[in-house]
Amino acid sequence: QVQLVESGGGLVQAGGSLRLSCAASGRTFSTMGWFRQAPGKEREFVAAIDWSGGRPYYADSVKGRFTISRDNAKNTVYLQMNSLKPEDTAVYYCAARRSPISIRVVGDPSRWDYWGQGTQVTVSS
């Protein structure tokens, strides 16, 4: 049974940092990533990383502040979030794909095969 379990969310002040983790089990994944969804908004792409870790993709809104990484030995993907802003407040979801993904469609949630349950991140002003 495939499972993605996120952890590391919480409440932080603006300018602070959080590190999210997503532990996968049941199989390994070619591509792993993070999405987020704020109340009343659609789920939006945050970042993705391929198996080698050498080609991360980021949404423009998080470039320079967030860093995605993965530890294949632990089957885990991380999202280091620095310089957090109130607009980063959302439920953050881990996502995974069995195969590589084109940058043209990386932001389309329907292109991802598996999802975690989400972890809440709240940034206070």
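Above this text is the structure in question.
Counting restarts for each chain: residues are numbered from 1 in the order of the written sequence. Where local features are concerned, this predicted model is filtered to residues with pLDDT of at least 70; where side-chain atom pairs are given and counted, the filter is 80 or more; whole-chain, interface and lining totals use all residues. Side-chain calculation: all heavy atoms of the structure are included, whereas hydrogens and water are not.

## Structural notes on the overall build of the chain
Let me state the cut-off plainly: Secondary structure is summarised from DSSP: a helix means a run of H or I of at least four residues, a strand means a run of E of at least two, and numbering begins at the N terminus for each. This radius of gyration counts C-alpha atoms alone. The globule rule is 2.2 Å times how many residues there are, raised to the power 0.38. Exposure classes here rest on a 1.4 Å probe applied to the protein chains alone. A residue is buried below 20% of its type maximum, exposed above 50%, and partly exposed in between. Residues count as neighbours in contact if any of their non-hydrogen atoms are within 4.5 Å of one another. Accessible areas in this description were obtained via Shrake-Rupley with a 1.4 Å probe; residue shielding takes into account the shown protein chains only. Within this scheme the basic residues Lys and Arg register as positive and the acidic residues Asp and Glu register as negative, but His and the chain ends are omitted. The atoms used to mark charge sites are NZ of Lys, CZ of Arg, CG of Asp and CD of Glu.
Helix and strand counts for the chain come out as zero helices and eleven strands. Sequence-ordered secondary structure for the chain, helices as α and strands as β, is β-β-β-β-β-β-β-β-β-β-β. Here the C-alpha atoms of the chain give a radius of gyration of 13 Å, agreeing with the 14 Å that 2.2 N^0.38 yields for 125 residues. With the principal axes as the frame, the chain shows a C-alpha extent of 40 × 30 × 30 Å. In the chain, which comprises 125 residues, the share counted as buried stands at 42%. Expressed as a percentage of contacts within the chain between residues at least 6 apart in sequence, the contacts between residues at least 24 apart total 59%. Split by element, the accessible area of the chain, about 6400 Å² in all, is 46% carbon and sulfur. Between the mean site of the 15 positive side-chain charges and the mean site of the 10 negative ones, the chain shows a separation of 4 Å.

## Some details on the pattern of salt bridges
Oppositely charged side chains are able to pair whenever their charged atoms sit close together. To be explicit about the condition: The term salt bridge refers to a pairing of a side-chain nitrogen on Lys or Arg with a carboxyl oxygen on Asp or Glu at a separation within 4 Å.
Tallying each qualifying case throughout the model produces seven salt bridges. Between Asp50 and Arg55 there is a salt bridge whose closest N-O contact spans 3.8 Å. A salt bridge links Arg65 to Asp88; its shortest N-O distance comes to 2.7 Å. Linking Arg65 in the loop between β6 (57-58) and β7 (66-71) with Asp88 in the loop between β8 (76-81) and β9 (90-97), this pair joins segments that are 23 residues apart in sequence.

## Some remarks on the pairing of strand β5 (residues 44-50)
Stated formally: A pair of strands is considered paired only if DSSP assigns at least 2 bridges between the two.
With six of seven residues buried, β5 lies mostly within the body of the structure. Sheet analysis places strand β4 (residues 31-37) next to β5, joined by six bridges and oriented antiparallel. Residue pairing in the sheet places Phe35 in a bridge with Phe45 of β5. Here β4 folds back onto β5, and the loop between the two strands holds six residues, one of which, Gly40, carries a positive phi near 80°. Strand direction decides the pairing type here: β5 and β6, joined by two bridges, are antiparallel. Counterpart to Ala48 in the pairing with β6 is Tyr57.

## Digging into the packing of aromatic side chains
The geometry of an aromatic ring pair comes down to the distance between the two centres and the angle between the two planes. So the rule is basically this: Only the six-membered ring of Trp is used, alongside the rings of Phe and Tyr, when aromatic pairs are assigned; centres must lie within 6.5 Å, and planes under 30 degrees apart are stacked while those over 60 apart are edge-to-face, with the rest tilted.
Throughout the structure, instances matching the rule amount to four aromatic pairs. Ring centres of Phe35 and Trp112 lie 5.7 Å apart, and the angle between their planes is 80°; this geometry places the pair in the edge-to-face category. Pair noted here: Phe35 is in strand β4 and Trp112 is in the loop between β9 and β10 (114-115), with a separation of 77 residues, a long-range link. Each of the two residues, Phe35 as well as Trp112, counts as buried.

## Considerations on the sheet that holds strand β3 (residues 18-25)
The strands that make up a sheet are held in pairs by hydrogen bonds between backbone atoms, and each pair lies either parallel or antiparallel. Where we set the bar: All axes here are fitted lines through C-alpha atoms, helices being fitted over the stretch that makes contact, and every angle between N-to-C directions spans 0 to 180 degrees.
What the four strands build is an open sheet, ordered β1-β3-β8-β7; its pairing is antiparallel. Each edge of the open sheet is held by one strand with a lone partner, namely β1 (3-7) and β7. Taken pair by pair, the neighbouring strands of this sheet meet at an average axis angle of 15°, ignoring direction. The pairing of β3 with β8 spans six bridges and is antiparallel. By the bridge assignment for β8, Leu20 is matched with Leu79.

By themselves, these figures tell us nothing about what the structure is for.
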